[in-house]
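# Results of the structural survey
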Amino acid sequence: MAKLILTHEVTGLGTSGDIVEVKNGYARNYLLPRGFALAWSKGGEKQIELIKAARAAHEHASVEAAQAQAAALQAKPVTLTVKAGQAGRLFGTVKTDDVAKAVAAAGLGNIDKRKVELPAHIKSVGKYTANVRLYEDVTAVINLNVVAG
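Heads up: these notes are all about the structure in this document. (Residues numbered from 1 in each chain as written. Predicted model: local features only at pLDDT ≥ 70, side-chain atom pairs only at ≥ 80, totals over all residues. Heavy atoms only, no water.)

This next bit is on the sheet that holds strand β1 (residues 2-6). Taken together, three strands build an open sheet; the order of strands is β2-β1-β3 and the sheet is antiparallel. Taken across any chain shown, the strands that pair with only one partner, and hence form the sheet edges, are β2 (19-22) and β3 (37-39). Direction aside, the axes of adjacent strands within the sheet are offset by 40 degrees on average. (Pairing = 2+ DSSP bridges. Helix = DSSP H or I, 4+ residues; strand = E, 2+ residues; numbered from the N terminus. Axes fitted to C-alpha atoms, helices over the stretch in contact; angles between N-to-C directions.)

Okay, here's the thing in structure tokens:
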């Protein structure tokens, strides 16, 4: 087991500044290369304090902004135009990056594609929902209209 300090929020694992123990492969192949975590050390305790202080300073202003953006995202459906065959099956699948770009194109603000969670693969036209983690306790449900274009 590897002991790590998270530098970013990771779904199902923790938020920045948390100390977690994960399997070596998960740490070596996913968390460390993507910069989501740092190896834990005694000197890392200072880094934890700095991360938590920065998060606390950023937290006060961000909660209200995240709640406002969540309300805007839930109020208006987002339309994705994708290539599809005659039967309505897509050529490929809708990715989180596609959802983030569609939200920005709709004028609802910029969201990080890593914060978008699709409940299932979207492989045909229709209406779907996606969850967006805007902040620790602030999530929004986006209504997606996938149309052939």
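Time to look at helix α3 (residues 96-105). By the burial criterion, the buried members of α3 are Val99, Ala100, Ala102 and Val103. One side of α3 holds all its buried residues, which, seen down the axis, span an arc of 165 degrees. Those residues of α3 that are exposed and angled more than 90 degrees off the buried face are Lys101 and Ala105. Directly beyond the C-terminal end of α3, a positive phi value near 80 degrees is found at Gly107. (Buried < 20%, exposed > 50% of the residue type's maximum accessible area, 1.4 Å probe, protein only. Arc of directions from axis to C-beta.)

Taken as a whole, the largest pocket encloses approximately 760 Å³ of empty space. For the lining of the largest pocket, the secondary-structure elements that each account for two or more residues are α1 (24-31), α2 (44-75), β5 (116-117) and β6 (126-133). The greatest single-element share of the lining of the largest pocket, amounting to eight residues, is contributed by α2. Broken down by class, the residue content of the lining of the largest pocket amounts to 13 nonpolar, nine polar and eight charged. (1 Å grid on protein atoms, 1.4 Å probe; cavity = no way out; pocket = protein on both sides within 12 Å on 5 of 7 lines; lining within 4 Å. Points joined across faces, edges and corners; volume = space filled by probe spheres on them. Nonpolar A, V, L, I, M, F, W, Y, C, P; charged D, E, K, R; others polar.)

Here the focus is the pairing of strand β4 (residues 78-82). Residues Val78, Leu80 and Val82 point to one face of β4 and are all buried, whereas Thr79 and Thr81, pointing to the other face, are not buried. Sheet analysis places β4 next to strand β7 (residues 139-148), joined by five bridges and oriented parallel. In the sheet register, Thr81 faces β7, and the bridge partner there is Val147.

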